[in-house]
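# A closer look at the structure
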Amino acid sequence: MKNTIIKNIIFLSLLLLSLLIIKSCERFTDVGLPKNQITRDVVFKDDQLAKSAMAGVYRSLEESAFISGSSSGAQVILGAYVDELQSYASATSDVSIFYQLGHTASSGKISSLWTTTYSQIYNINAIIEGVENSDQLSTDVRTKLKGEGLFLRALLHLYLTQTFGPIPYVSSTSYEVNQVIQKSSVAEVYTKCKADLESATALLPQTLTAGNRIYPTKMASYTVLARIAYYEKNWDVAIQYSGQVIADSQYKMESDLNKAFLKESSSSIWQLLPFSSIYNTYQGNVFILNTAPPTNVALRQDFVNDFEPGDLRRTSWIGQKTDSQNKTYHYPFKYKQYSTSTSSLEYSVVLRMEELYLIRAEAYARKGQYDLAIADLNKIRGRAGLAPISNISDTNILIDRVMKERRSELFTEFGHRFYDLRQHDLLDVVMTAKKAGWKPNFKLLPLPEKELLLNPNLNPQNEGY
């Protein structure tokens, strides 16, 4: 990680110029940045410049690493890694390397996923420290930016630990600290994530109206806390936090599946705003096939075949394209807009209500509260046009039902399938049947080789690499 810090430590101005001036951020702020060097002192003396700094962070999140909808994001890389996507890209492309299980500790994508995310965290920490040390920003801006920063820091560390295992939890911009920082266990990372999220919750607004959920809120914090409780198998807490969001009348599942990923969707909890008012999402551009055969990715046929007959998600969220040889390819069609439009119709949905119903359903099942688990599952199934289930009083059967619904509901959304298979100890069972080269150590990605060389405190390398 040392090289990441070296690149970022020089001036906050360079951070801002690289994030904000190269690409327009006018959708986040009405104030343009000056073209000259902007120092830390200047940025955190002015409300609009401070908000512009955070706008740059959001732009970076949309463009690269875990929650990006681009081809470099977790939804593509991890979807191809497991059993959602098939790669049609060149053999040397990042997505094909993951699809073919050819990743190593020296792979460029491993390094970029790690270093980009820690760069984003560094930038977030710079903003948190900037607002904490400023006595000239308005109280509202200081509260808003610190709350958003704490939320984002927790979320990014959560993705890192779910992907790499024990990792450093970086909460400072101090070069002296970060160049020798040690890893925290997964349990310790969860604890630190929860602390940041609980602090963020006290600072963030309760909610935002549908169509404007482009910033974190208390509801977004509760959602991530519910997800952590799911990973920790802390079922009472999972029920508590998921229930708090489900109980809010402003959030509800869209009855029309074709509206679930529109910017005004009532089921969206947190979305990423496109950088321009005429753009839509990277997902639409990456996934929708305008020609066949594909040149990047498409859905695996066995994934498509696994949908229950009559499932409206199969017809609404999966598109198809036939080539000149009459071979049909299927693609994710949750996002319908391939390119620009008169105004943005879709925002990238990072958190949504349906995940909470599925978390709570599993939590109820684990606690033996079968009727409540079935009720939550039937809300998901009913929306998908499927018959309700009933009279199940077996935990394992209900958990299998939850996993089936998670697969059909959350496919190609930021790595859920990979994390879910490992969470339920099914990763090796499922993947050895689908990929001949699958190995047990693939439950985690390797730490980047060059980071271990720069900071030996990051050792040991993950097993098997």
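Before going into details, it helps to say that this report is about the structure given with it. (Residues numbered from 1 in each chain as written. Predicted model: local features only at pLDDT ≥ 70, side-chain atom pairs only at ≥ 80, totals over all residues. Heavy atoms only, no water.)

### Let's talk about empty space enclosed by the protein
Enumeration over the complete set of coordinates arrives at three cavities of 30 Å³ or more. The computed volume of the largest cavity comes to approximately 80 Å³. Lining of the largest cavity is provided by Gln-75, Phe-261, Gln-283, Phe-287, Pro-332, Phe-333, Lys-334, Tyr-335, Val-349, Thr-412, Glu-413 and Phe-414. When the residues that make up the lining of the largest cavity are grouped by side-chain class, the tally is seven nonpolar, three polar and two charged. (1 Å grid on protein atoms, 1.4 Å probe; cavity = no way out; pocket = protein on both sides within 12 Å on 5 of 7 lines; lining within 4 Å. Points joined across faces, edges and corners; volume = space filled by probe spheres on them. Nonpolar A, V, L, I, M, F, W, Y, C, P; charged D, E, K, R; others polar.)

### Here's the deal with the pairing of strand 2 (residues 268-272)
With respect to burial, strand 2 is a largely interior element, five of its five residues being buried. For strand 2 and strand 6 (residues 348-352), the ladder comprises four bridges, and the chain directions are antiparallel. Among the inter-strand pairings, Gln-271 is bridged to a residue of strand 6, identified as Val-349. (Buried < 20%, exposed > 50% of the residue type's maximum accessible area, 1.4 Å probe, protein only. Helix = DSSP H or I, 4+ residues; strand = E, 2+ residues; numbered from the N terminus. Pairing = 2+ DSSP bridges.)

### Notes on helix 10 (residues 186-203)
Between its first and last C-alpha, helix 10 extends 26 Å over 18 residues, near the 26 Å set by a 1.5 Å rise per residue. All of the buried residues along helix 10 are Val-189, Tyr-190, Cys-193, Asp-196, Leu-197, Ala-200 and Thr-201. Looking down the long axis of helix 10, one finds its buried residues gathered within 140 degrees of arc, a one-sided arrangement. For helix 10, the secondary structure elements touched by its buried residues are helix 8 (139-164) and helix 11 (218-232). (Expected span 1.5 Å × (residues − 1). Arc of directions from axis to C-beta. Contact = heavy atoms within 4.5 Å.)

### Quick notes on the nonpolar core
By size, the foremost hydrophobic cluster in this structure holds 110 residues, and its most contacted members are Ile-67, Tyr-81, Phe-151, Leu-152, Phe-164, Ile-269 and Trp-270. Listed in part, the 20 residues of the second largest apolar core include Ala-80, Leu-257, Ala-260 and Phe-411. (Core = buried A, V, L, I, M, F, W, Y, C linked by side-chain atoms within 4.5 Å.)

### Quick word on helix 19 (residues 416-423)
The element helix 19 is largely enclosed, with a buried count of eight among its eight residues. Of the residues making up helix 19, those classed as buried are His-416, Arg-417, Phe-418, Tyr-419, Asp-420, Leu-421, Arg-422 and Gln-423. The elements touched by buried residues of helix 19 are helix 5 (74-81), helix 8, helix 11, helix 16 (353-366), helix 18 (395-410) and helix 20 (427-434). Two residues or fewer past helix 19, Asp-425 is found with a positive phi of approximately 55 degrees.

### Some words on unusual backbone geometry
Note the cis peptide between Ala-292 and Pro-293, where omega equals 5 degrees. Residue position: Pro-293 is located in the loop between helix 13 (282-287) and strand 3 (297-299). Across the junction of Asn-459 and Pro-460, the peptide omega takes the value 5 degrees, indicating a cis bond. Relative to the helices and strands, Pro-460 is located in the segment after helix 21 (449-454). Located in the positive-phi region is Lys-233, a residue other than glycine, with phi close to 60 degrees. Looking at the element boundaries, Lys-233 is found in the loop between helix 11 and helix 12 (235-246).

The analysis is restricted to geometry; functional conclusions fall outside its scope.
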